[in-house]
Amino acid sequence: MDWENHARRLADGHLRPESPWWKPVASTPRHLFVPNWWERDTNGRVARNGPDDPDAWFRAAYRNQTLVTRIGTNHADRVEPGTVVPYGRWPTSSSTLPSLMATMYRHAMLADGSRTLVTTGTGYGTALACRRLGDQLVTSVDVDPYLVEVATDRLAGIGLHPRTAVCDITQTLPADVDRIVSSVSVRPVPASWLTALRPGGRLVTTITGTAMILVADKTPDGGARGFVACDQATFMRTRHGDDYDDASPAAEVWQAADEDGETSVSRYPLTYVPDSWAVQATLELEAPGIEHRTEQHEGGGRTVWMAHPDGSWARASTKKPRDLPTVHQGGSRRLWDLLTDILDRLIIGGELPVCGARVTITPDGETTLSRGRWSATL
C-alpha cells in the first residue's frame, strides 16, 4: 500500500506546510512502528494485527490518534490477534498522536544542532526527531528493554540510527543534551534532567495527573525557569518496572464513600472533576492523589465520587441534570469543599491560574508554579 500518500494527508490535516514538523510527519511510515496495537471494543481492548487487515492498519496508523501498544505487561506484539484484555488494566505504552508530538517538539524549540533526548515508546516520536535533526543528535530512552530493542530495529529498518538506551528517565540520563522532551509524565521534575541539560538547555514534559505541559530553560544556578503552556497533553506516568500497581491507592476508601457522612447541598451544579482540565489540574496541584468516579442514572441524574488514600471521601448526587447535588463527605478532609473553593475562584476570577503559570525549578528538582497570589509546589 502507498503509505506515503497516507502520511502526507496526515501531515496536511494537522500541520501547516511551512512547519518544521510537516516533512518529518509526511516522510515517516508510522504503520511500521505499530504493526500491532490494542483497540477499544465492547468488553475491553482487543489485540489487532496490521498485516492481517492492511486497510484497518493504515486507517489506524495514519489517523491523528494515540495507539495503545501495551496494557499491563501485555504487549500487542506478543499476544494472539483477537486477544481481549478487560477494561480496568492500565495502558503502559503507546504511539502518541502525531499532532501532540509535534506540539511537544514545538515547545522544545528544537534547532539545527540541538542534541535532544526523547522517550522511546514505539519509536515513532524518535523517528520524527531524527527526521528533523539527524539521527546523530538524538538519544532515545525507555525503561522497558523490549521497547528499546524493537524500536531500535524498526528505526534501523527505515535508515535511522539514533543512540538508544534502557533507562529509568527519573534517574541518571545517558547523555548531556540541549533538549529533553518527555512523552511520559513526571512529578516533580527529576533533578537528573537538570544535570543532563547543557547551559541554556530546555526541558518539556507533563506533570502527572494534571495534563499540564511544562516548559523550562536551564538557568546558570543549575535550576530552570519557564512556564505552563496553555496546550494540554495526557501522557502515561513513569513506571519503574514491568507494570504499574493496579490497585487503587484509595481502594479501602471507596466503600466508605457510600456512607451518609456529613450532608449538605452544593451551591454549584454537579461537577465531575476530570471533565474540566483547569479544575482537575488545580485540584491535583493543591490536593494531589484524589481519585474520581462517576455513574449516570436513568432520568438524567448522576453521581460522582471523590476519594483519597488518607481516608477522605465525598459523594454528590442529583436526580435530574439541573438539580443542585446533595453532597455527603467524610474523613479527615472535606474534598467537596476543596473543589468548591476552586469553583469559587473560577467564577470570581473568570479563570484558574494554571494556564500561563510561571515555573521555577531548583537544582534538586523542587518545582514551584505561581501566578499572581497563587502558587503550588510539587
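Residues numbered from 1 in each chain as written. Predicted model: local features only at pLDDT ≥ 70, side-chain atom pairs only at ≥ 80, totals over all residues. Heavy atoms only, no water.

(A) Examining the state of the cysteines more closely. One pass over the structure, following the stated rule, counts one disulfide. One disulfide bridge connects C230 with C355, the sulfur atoms lying 1.6 Å from each other. Across the S-S bond of C230 and C355 the torsion is about 90°, and the bridge reads as right-handed. You can see C230 sitting in strand β13 (residues 224–232) and its partner C355 sitting in the loop between α9 (335–349) and β19 (358–361), a full 125 residues away along the chain. The closest cysteine sulfur to the non-disulfide-bonded C130 is located on C167, 17 Å from its own sulfur. In this structure C130 comes out as buried when scored by relative accessible area, which is 4%. (Disulfide = S-S within 2.5 Å. Helix = DSSP H or I, 4+ residues; strand = E, 2+ residues; numbered from the N terminus. Buried < 20%, exposed > 50% of the residue type's maximum accessible area, 1.4 Å probe, protein only.)

(B) Structural detail: the packing of aromatic side chains. Applying the stated criterion to the full structure yields four aromatic pairs. Both rings, one in W21 and one in Y105, keep their centres 4.8 Å apart while their planes meet at 25°; by these two values the pair is stacked. Within this pair, whereas W21 is found in the loop between α1 (3–14) and α2 (22–26), its partner Y105 is found in helix α4 (residues 98–108), the two being separated by 84 residues in sequence. Neither W21 nor Y105 differs from the other in exposure class; each is buried. Here the aromatic residues W57, F58 and Y62 are joined through ring pairs into a cluster of three or more. Over the aromatic face of Y124 sits the side chain of R30, whose NZ or CZ is 5.3 Å from the ring centroid. (Phe/Tyr/Trp six-rings, centres within 6.5 Å; stacked < 30°, edge-to-face > 60°. Lys NZ or Arg CZ within 6 Å of the ring centre and 35° of its normal.)

(C) Local environment of the pairing of strand β7 (residues 116–119). In β7, alternate side chains face the same way, and those of T116 and V118 on one face and L117 and T119 on the other are all buried. Bridge count for β7 against strand β8 (residues 138–142) is four bridges, and the pairing is parallel. The partner of T119 across the bridge, within β8, is V141. Across three bridges, the pairing between β7 and strand β10 (residues 177–186) is parallel. The residue of β10 that forms the bridge with T116 is R179. (Pairing = 2+ DSSP bridges.)

(D) Local environment of the pattern of salt bridges. Enumeration over the complete set of coordinates arrives at 17 salt bridges. Notably, a salt bridge pairs R334 with E262, separated by 3.4 Å at the nearest N-O pair. With R334 in the loop between β18 (326–330) and α9 and E262 in strand β14 (residues 262–265), this pair connects stretches of sequence that are 72 residues apart. Residue R334 is classed as partly exposed on the basis of its relative accessible area, which comes to 26%. Notably, a salt bridge pairs D341 with R345, separated by 2.9 Å at the nearest N-O pair. Of this pair, D341 and R345 both sit in helix α9, separated by four residues, roughly a single helical turn. (Salt bridge = Lys/Arg side-chain N within 4 Å of Asp/Glu carboxyl O.)

(E) Up close: the environment of C230. When its relative accessible area of 48% is taken as the criterion, C230 is described as partly exposed. Along the chain, C230 and D242 lie 12 residues apart, while their C-alpha atoms are 33 Å from each other. Residues within four places of C230 in sequence aside, it is in contact with C355 and G356. (Contact = heavy atoms within 4.5 Å.)

(F) Looking closely at the nonpolar core. Within the largest apolar cluster, 54 residues are counted, with the highest numbers of intra-cluster contacts made by L203, L214, W336 and L369. Discounting residues that sit within four places of it in the chain, L203 has contacts with I180, V189, W193, L194, L197, L214, V215 and A216. By size, the runner-up hydrophobic cluster in this structure holds 42 residues, among which are A127, L133, L137 and L160. (Core = buried A, V, L, I, M, F, W, Y, C linked by side-chain atoms within 4.5 Å.)

(G) Looking closely at the environment of D243. Residue placement: D243 occurs in the loop between β13 and β14. What D243 contacts, discounting residues up to four positions off in sequence, is G72, T73, R89 and T92.

(H) View of the layout of surface pockets. If you add up the space inside the second largest pocket, you get close to 270 Å³. Contributing to the lining of the second largest pocket are 16 residues, with W37, E39, A60, Q65 and L67 lying nearest its centre. At four residues, strand β1 (residues 36–40) tops the list of elements feeding residues into the lining of the second largest pocket. (1 Å grid on protein atoms, 1.4 Å probe; cavity = no way out; pocket = protein on both sides within 12 Å on 5 of 7 lines; lining within 4 Å. Points joined across faces, edges and corners; volume = space filled by probe spheres on them.)

(I) Inspection of the sheet that holds β14 at higher detail. Spatial strand order, β14-β18-β17-β16-β15: five strands in an open sheet with antiparallel pairing. Each edge of the open sheet carries a strand with a single partner, namely β14 and β15 (291–296). With direction set aside, neighbouring strand axes in the sheet form an average angle of 15°. Pairing of strand β17 (residues 313–318) with β18 involves five bridges; the strand directions are antiparallel. Following the sheet pairing, A316 is matched in β18 by V327. Those strands touched by α9 are β16 (302–307), β17 and β18, and its axis lies near 105° from that of β16. (Axes fitted to C-alpha atoms, helices over the stretch in contact; angles between N-to-C directions.)

(J) Main features of the packing of helix α8 (residues 277–286) against α9. Close contact between α8 and α9 brings their axes to 10 Å; oriented N to C, the two are set at 130°. The pairing of α8 with α9 is recorded here as oblique in orientation. As for how α8 packs across α9, the hand of that crossing is right-handed. Mapping the contact onto sequence places V279, T282, L283 and E286 in α8 and L338, L339, I342, L343, R345 and L346 in α9. Taken together, the residues of the contact of α8 with α9 break down into seven nonpolar, one polar and two charged. (Parallel < 35°, antiparallel > 145°, perpendicular 65-115°, else oblique. Left-handed = near helix turned anticlockwise from the far one by under 90°. Nonpolar A, V, L, I, M, F, W, Y, C, P; charged D, E, K, R; others polar.)

(K) Highlighting the pairing of β16. Counted residue by residue, β16 has five buried out of six residues, so it is predominantly covered. Pairing of β15 with β16, which is carried by six bridges, proceeds in the antiparallel orientation. Note on β16: the bridge partner recorded for T294 is V304. Examined bridge by bridge, β16 and β17 share six bridges and lie antiparallel to one another. Residue pairing in the sheet places M306 in a bridge with A314 of β17. Here β16 folds back onto β17 in antiparallel fashion, the turn holding five residues, of which G311 has a positive phi close to 100°.

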